[in-house]
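One-letter residues, chain by chain:
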Amino acid sequence: AQSVAQPEDQVNVAEGNPLTVKCTYSVSGNPYLFWYVQYPNRGLQFLLKYITGDNLVKGSYGFEAEFNKSQTSFHLKKPSALVSDSALYFCAVRDQGSYIPTFGRGTSLIVHP
Amino acid sequence: EAGVAQSPRYKIIEKRQSVAFWCNPISGHATLYWYQQILGQGPKLLIQFQNNGVVDDSQLPKDRFSAERLKGVDSTLKIQPAKLEDSAVYLCASSFFDRDYEQYFGPGTRLTVT
């Protein structure tokens, strides 16, 4: 079975500060890992993925994530937060041998001016 | 480029009634997905199509839910009869068949069952 945990329901950060949204996962095989963002009244948008290769993955809008196999984590990061980054962020995992992704419950990111 | 289209955007029905949702994927995307997102939870995959064939429907409650993609483009998801616990947002997504890790989502249909 595969699972994803996003331990924080909400993350608050001041504009210009670095941000981290946490994600840990569990799969039986090798993981495919993803981050999606959901802005109010809009569909989910793909941010970035880890399939294989470099553990540091860069994605859209200046976001990046680091795959840490020993800690089974895939935290989302950005060096300098913008107010426009305020949204709901979902981490997802899929076992390499499965078609079914499992999404976390989501973390609400609030960036204060 | 047009995104994934879904209709209706909102639907309110009484329990035991039936309802259907429609999805038009991005042109050229062979793979289409239907997800259910209950309030406060992440999306849950219900069914995945590759062209007009089903890749995975293991999480689709087949006693009441059905889905089809007859011509490999548009798709419909039906619930009959609806239960209170079916209240959720139903999301459609699509992707290129060889890039299923990068899915494009529609705005969703918010279903309320009373």
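Small disclaimer: the values here were computed from a predicted structure and weren't measured.

Attention now moves to the overall build of chain A. A tally of regular secondary structure across chain A gives zero helices and 12 strands. Overall, chain A shows an N-to-C arrangement of helices and strands of β-β-β-β-β-β-β-β-β-β-β-β. Against the 2.2 N^0.38 benchmark of 13 Å for 113 residues, chain A shows a C-alpha radius of gyration of 13 Å, consistent with a compact globule. Each of the three principal axes of chain A carries a C-alpha extent, and together these read 45 × 30 × 20 Å. Within the span of chain A, comprising 113 residues, buried residues form 47% of the whole.

Turning our attention to the overall build of chain B. If you tally the helices and strands in chain B, you get zero helices and 11 strands. Secondary structure elements of chain B occur, N-terminal to C-terminal, as β-β-β-β-β-β-β-β-β-β-β. For chain B, the C-alpha radius of gyration of 13 Å lies close to 13 Å, the compact-globule estimate for 114 residues. Principal axes of the C-alpha set define a box for chain B whose edges measure 40 × 25 × 25 Å. Relative to its 114 residues, chain B shows a buried fraction of 47%. A sequence separation of at least 24 residues applies to 53% of the contacts in chain B between residues at least 6 apart. In the form shown here, chain B has an accessible surface area of approximately 5700 Å², with 49% of it arising from carbon and sulfur atoms.

To continue, consider unusual backbone geometry. The phi torsion of most residues other than glycine is negative, and most of the peptide bonds are trans. Residues and elements named next belong to chain B. With an omega of -10°, the peptide bond running from Ser7 to Pro8 counts as cis. Tracing the backbone shows Pro8 in the loop between β1 (5-7) and β2 (10-13). Residue Pro81 is bonded to the preceding Gln80 through a cis peptide linkage, with omega at -5°.

Turning our attention to the state of the cysteines. Chemically, a disulfide is nothing more than a covalent bond linking the sulfur atoms of two cysteines. Residue and element names in this part refer to chain A. Applying the stated criterion to the full structure yields two disulfides over all chains. Here Cys23 connects covalently by a disulfide to Cys91, the sulfurs 2.0 Å from one another. Taking the torsion about the S-S bond as the criterion, the Cys23 to Cys91 disulfide, at about -65°, is left-handed. Residue Cys23 is located in the loop between β3 (19-21) and β4 (24-26), and its partner Cys91 is located in strand β10 (residues 87-95); the two are separated by 68 residues in the primary sequence. The pair formed by Cys23 and Cys91 is uniform in burial state, with each residue classed as buried.

A few words now on the pairing of strand β6 (residues 44-50) of chain A. Most of β6(A) is tucked away, with six of its seven residues classed as buried. Between strand β5 (residues 31-38) of chain A and the antiparallel strand that follows it, β6(A), lie five residues; A:Asn41 among them carries a positive phi value of about 65°.

This part takes up the interface of chain A and chain B. Taken together, the 17 residues of chain A in the interface contact 21 residues of chain B. Here chain A and chain B share an interface that buries about 1600 Å² over both sides, 60% of which is from carbon and sulfur atoms. Of all residues in chain A, the largest losses of buried area upon contact with chain B belong to A:Leu44, A:Tyr99 and A:Ile100, amounting jointly to 33% of the total for that side. In this assembly, chain A and chain B are joined by one salt bridge. Of all the elements in the fold, those that place two or more residues in the side of chain A that touches chain B are β5, β6 and β10 of chain A. Here the residues of the side of chain A that touches chain B are counted per class, giving 10 nonpolar, four polar and three charged.

What counts and what doesn't
Residues numbered from 1 in each chain as written. Chains lettered and ligands numbered in written order. Predicted model: local features only at pLDDT ≥ 70, side-chain atom pairs only at ≥ 80, totals over all residues. Heavy atoms only, no water. Helix = DSSP H or I, 4+ residues; strand = E, 2+ residues; numbered from the N terminus. Rg over C-alpha atoms; globule rule 2.2 N^0.38 Å. Buried < 20%, exposed > 50% of the residue type's maximum accessible area, 1.4 Å probe, protein only. Contact = heavy atoms within 4.5 Å. Areas by Shrake-Rupley, 256 points an atom, 1.4 Å probe, with all protein chains shown as cover. Disulfide = S-S within 2.5 Å. Pairing = 2+ DSSP bridges. Buried area = accessible area lost by both parts, 1.4 Å probe. Salt bridge = Lys/Arg side-chain N within 4 Å of Asp/Glu carboxyl O. Nonpolar A, V, L, I, M, F, W, Y, C, P; charged D, E, K, R; others polar.

By themselves these figures say nothing about function.
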